[in-house]
Amino acid sequence: MTIRCLADVNAAYARGAFHMQRFQKNAGGSHNNQFIDTSFSSGQPAYDARVGVPNTFTPAIAQKNDAIWFPPIGADEERYLHKVELWGSQATFNGPGSVYLFDLLGYYPLIDGDSTEPQVFDNTLTLPRFADGEGVFGVVVNHVAPATGHGFAEIVMTDHAGVQSTIQTSIHDLGQNLVCTGNQTSATSGWGGIAMAMPPGARGIRSIDQLTYLTPPSGLHCIYLIKPLGTMVLGDNALFAEKDFLMHNGWRMPRIYDGAWLGMFENIGSGTSRTVAWNGNFHFVWG
Amino acid sequence: MAINSTDALVNALTAGQTTRYDFNKITGGSAYAIGRWYDMSMLGALPIANAWAGTALAWKTCDEATGNGTQIFGMPHGGNVSPSKKHLLNLQAWTTAATGVPGTLTLVDLQGYWPGITNNSAVAQTLTGTPTLRYTNGEGCRLYWVQTSAAGATAQNIALSYTDSAGNTGNTLPVTVAMTASAIAGHISHAGTAANNYGPFLPLASGDTGVQNVATVTMSAANTGTGALCLARPLASISLSVLGLMTEKDLVNQIPSLPEIKDGACLVWLWGAGAATAASTTFAGGFEVVWG
């Protein structure tokens, strides 16, 4: 049976078709009103530097507990994220802040920030979920080696309709492990957004095909392809934050497909880094 | 199946009749002033900027798929779904600049605009073309003037002759409406804190609830600069209050809930600055829609 009405949700809970999965992410890197990927913190799920073969699409398919784990379901069932809870391990919550939840579909690691030559990306492997790219966004993250300046890149991508186009966007120098998606038309600062530029009319990205730095930022960068799942807002110190997607997100529980690699970008609203561990639970329901 | 119950909403969502779009906009090289409203369609990044293509004084229809025919600048929302109806479900937004809060983002469905109207005239400028609107007779549609190139320092008032949603022609603004001297590009020039400022939308004559056409625009004095007169249907607003803290809005549990997104809607943001907003300030976020 599938979940198609409120009674189905309650029935799923009644028959035990739900799971609560805990997580803990230890203190993260320095960031001040910028988004950081919690995968760059130790804990459970474990640290993940998003490395692999340079410029090669690396599909993200959750295995065991390398991401937030959820149980397998029957072929005729659908799984949803019902609720997320999050709190700090100490009174200093480092909040308030914002969390952006996503299904990491894959990434292009170790993009050379010193090269001004065209870097052709390998798309032998394709999106493991949302195959046409509808609703899939790109996010640029500076990983492994820090940038030394703002960059400006020309990027060739294929959109959700299969149309290949070229865009130009800045790549911001914010710090290692931070989201540095640009929104400027030159190599200047302008941080804070998550989703990278797309061609006019594009409703998503199927693949990134080539990147050429017009102004190289140095360091190494990774472009994620993500499917946004939702957001949640954190309260003040030591305050347990809860996002019930059914009740507080217009009844829209994000669907969680088999293999979904669940990740979080976090942005604390005070201080310059998260100095305490975050704990929490993901609640899944299926039917 | 129309969404007319919570169960129908859950059914539509779990059946996959939903999509999300994230936006990422950055203000230009000029600071925004407290109490004023600004058009964000002409800001760059995601989606691309509106450059106000079109022939001076001639109506230009805007939609999701083609934008203004030159720039596809509206935020995509998944294409046409008729005979189903699409609804706005959730909003999220944030800014990362201390001067970006407080403030209000208002989402509108831009029906179109008359571009290339000069500020440098003190006689009636006749607008051409008949608007093709997504709302019958322009019900609920409102007007605002976007300064598309900076205005000069001469004070001026704006006057209109418009057709209301009931079909009455020759309606005029009910009050004196002052434009802002030296308004920057992007400023909704009549919106601010000065005497006779109104915003973000131009006031309508008593009893009017919408606009379907505009015949003339007349400035009280010649100034320099150029603008576009926009006709849009307001859909929803979301306020930003705390630096770095995302604001979320669930549009089911408010009245009226689930604003309809018409086929072809050209979705753009207007920004009401509650603080002096520094140049190059990022505003980002997303929205979700559902149809059934």
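Residue positions are given per chain, counted from 1 along the sequence in the order it is written. Labels are handed out in written order, letters beginning with A for the chains and numbers beginning with 1 for the ligands. For this predicted model, a pLDDT threshold of at least 70 governs which residues receive local features, and a threshold of 80 or more governs which side-chain atom pairs are given and counted, while totals over whole chains, interfaces and linings are taken from all residues. Think of the side-chain values as coming from all heavy atoms in the structure, minus any hydrogens and water.

1. Some thoughts on the sheet that holds strand β5 (residues 79-88) of chain A
Residues and elements named next belong to chain A.
Okay, so step 1: Criterion used throughout: strands pair if DSSP finds at least two bridges between them. Every helix listed is a DSSP run of H or I at least four residues long, and every strand listed is a run of E at least two residues long, numbered separately from the N terminus. As summarised here, the arrangement of the 5 strands in space is β3-β1-β15-β5-β13, forming an open sheet in which the pairing is antiparallel. Two strands lie at the open edges of the sheet, namely β3 (43-44) and β13 (241-244), each paired on one side alone.
Okay, so step 2: The pairing of β5 with β13 spans 4 bridges and is antiparallel. Bridge pairing in β13 links Lys83 to Asp244.
Okay, so step 3: Two residues form a contact once any of their heavy atoms are found within 4.5 Å. Structural elements are reduced to axes, namely lines fitted to C-alpha atoms, with helices fitted over the stretch in contact, and the angle between N-to-C directions of any two is expressed from 0 to 180 degrees. Sheet strands touched by helix α1 (residues 6-14): β1 (18-25), β5 and β15 (278-286). Its angle to β15, the strand with the most contacts, is close to 110°.

2. Some words on the sheet that holds strand β7 (residues 125-126) of chain B
All names here are of chain B.
Okay, so step 1: The sheet built from 4 strands is open, its strands ordered β7-β11-β9-β10 with antiparallel pairing. Strands with a single pairing partner mark the edges of an open sheet, and in this sheet they are β7 and β10 (177-178).
Okay, so step 2: As paired strands, β7 and strand β11 (residues 211-219) are joined by 2 bridges and run antiparallel to one another. If you follow Thr126 over to β11, its bridge partner there is Thr216.

3. Remarks on helix α1 (residues 6-14) of chain B
Okay, so step 1: Three exposure classes are used, based on accessible area relative to the maximum for each residue type with a 1.4 Å probe and protein chains only: buried under 20%, partly exposed in between, and exposed over 50%. Along α1(B), the positions that sit buried rather than exposed are Ala8(B), Leu9(B), Val10(B), Ala12(B), Leu13(B) and Thr14(B).
Okay, so step 2: Buried positions along α1(B) lie against α1 and β5 of chain A together with β1 (18-26), β5 (86-95) and β16 (282-291) of chain B.
Okay, so step 3: Directly after α1(B), the chain includes Gly16(B), whose backbone phi takes a positive value near 85°.

4. As for the pattern of salt bridges
Okay, so step 1: Here, a salt bridge means any Lys or Arg side-chain nitrogen found within 4 Å of an Asp or Glu carboxyl oxygen. The final tally for this structure, using the stated rule, is 13 salt bridges over all chains.
Okay, so step 2: Across the salt bridge formed by Arg252(A) and Glu288(B), the nearest N and O atoms sit 2.9 Å from each other. In this pair, Arg252(A) is assigned in the loop between α2 (245-248) and β14 (262-268) and Glu288(B) in strand β16, connecting two distinct chains. For the pair Arg252(A) and Glu288(B), one class covers both residues: buried.
Okay, so step 3: Residue Asp109(B) is joined to Arg134(B) by a salt bridge in which the shortest nitrogen-to-oxygen separation is 2.7 Å. With Asp109(B) in strand β6 (residues 103-118) and Arg134(B) in the loop between β7 and β8 (142-149), this residue pair connects regions lying 25 residues apart in the sequence. With respect to class, Asp109(B) is no different from Arg134(B); both count as buried.
Okay, so step 4: Within this structure, Arg252(A), Arg20(B), Asp22(B) and Glu288(B) form a network of salt bridges that share partners.

Purely geometric numbers; function is a separate question.
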